[in-house]
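# Structural characterization, general
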Amino acid sequence: MKTLLSVLWLLLLLPLSSATGPAGPPSLNFCGVELPVESGCAPASSTELACTNYRLSWAYLDYKLMTAYPPEYIRLAKKAHKGAETQPFTCSLLDGPPAQGTRLAYVTDNGMAYQYIVCAAVKGQPVLLDLTLSLEPEKTEDLPEVVRQIMRLEK
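Residues numbered from 1 in each chain as written. Predicted model: local features only at pLDDT ≥ 70, side-chain atom pairs only at ≥ 80, totals over all residues. Heavy atoms only, no water.

### Re the state of the cysteines
One pass over the full model with this rule turns up 1 disulfide. For Cys-41, the disulfide goes to Cys-51, at an S-S distance of 2.0 Å. In this structure the cystine formed by Cys-41 and Cys-51 twists about its S-S bond by roughly 110°; its chirality is therefore right-handed. Residue Cys-41 is found in strand 3 (residues 41–45), and its partner Cys-51 is found in strand 4 (residues 48–51); the two are separated by 10 residues along the sequence. We note that Cys-41, like Cys-51, is buried. (Disulfide = S-S within 2.5 Å. Helix = DSSP H or I, 4+ residues; strand = E, 2+ residues; numbered from the N terminus. Buried < 20%, exposed > 50% of the residue type's maximum accessible area, 1.4 Å probe, protein only.)

This is how it looks when you write it as structure tokens:
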């Protein structure tokens with residue numbers, strides 16, 4: 001009986017000890033890929049990363065919304081940034097097939113901003129990705145390290 005009580009006591013303590021152990025570095029999950037939170041960044045939500053020189057967010061969509069939602073999202077982004085220049089671009093998300101997106105360039109109080117919006121199926125899941133940068137990337141290597149883990153520019 002004493003052994004049984006000791007075992008039960010240990011089982012009660014195990015969840016407490018593991019919950020108070022040191023936490024790993026924060027990360028966000030993009031379609032099964034853990035994205036580390038870099039220095040100078042903070043998760044704004046479970047699908048948004050706010051950094052000093054960029055902002056990355058994504059939304060998981062239903063297949064029915066995959067064709068209707070992105071054009072509306074882009075329309076609202078253009079409306080929010082009057083005079084934004086738009087240009088198509090091609091990229092791949094998580095080494096998937098090429099996806100067509102829209103790049104917006106607009107003036108802010110701090111200079112220019114470059115917003116990349118793309119919708120693609122990633123591992124079978126429709127995703128709308130929104131990346132806003134303070135500097136325009138010419139190639140994938142110009143993207144922030146975290147973004148390079150999930151997005152490749154095709155130029």
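### Remarks on the confidence of the model for the protein
On average, the protein scores 86 in pLDDT, and the residues at 70 or more come to 84%. Within the model, the stretch residues 1–22 combines pLDDT values under 50 with 0 contacts to residues more than four positions away or in other chains. (pLDDT = per-residue confidence, 0-100. Contact = heavy atoms within 4.5 Å.)

### Quick notes on the sheet that holds strand 3
Strands pair in a sheet through their backbones, by hydrogen bonds, and they do so in one of two ways: parallel or antiparallel. The strand order across the open sheet built from 8 strands is 3-4-5-9-8-7-6-10, with neighbouring strands paired in antiparallel fashion. Sheet topology places strand 3 and strand 10 (151–154) at the edges, where each strand pairs with a single neighbour. In this sheet, adjacent strand axes meet at a mean angle of 25° when their direction is disregarded. When strand 7 (residues 99–108) meets strand 8 (residues 111–122), the two strands line up antiparallel, connected through 8 bridges. Bridged to Val-107 within strand 8 is Met-112. Its contacts with the sheet place helix 2 (residues 65–80) against strand 6 (85–93), strand 7, strand 8 and strand 9 (125–133), and it is angled at close to 175° to strand 8. (Pairing = 2+ DSSP bridges. Axes fitted to C-alpha atoms, helices over the stretch in contact; angles between N-to-C directions.)

### With respect to helix 2
Spanning 16 residues, helix 2 covers 21 Å between terminal C-alpha atoms, matching the ideal 22 Å at 1.5 Å per step. The complete set of buried residues in helix 2 reads Pro-70, Ile-74 and Ala-77. End-on, the buried residues of helix 2 take up no more than an arc of 60°, which puts them together on one face. Exposed side of helix 2, more than 90 degrees from the buried face: Lys-79 and Ala-80 are the residues found there. (Expected span 1.5 Å × (residues − 1). Arc of directions from axis to C-beta.)

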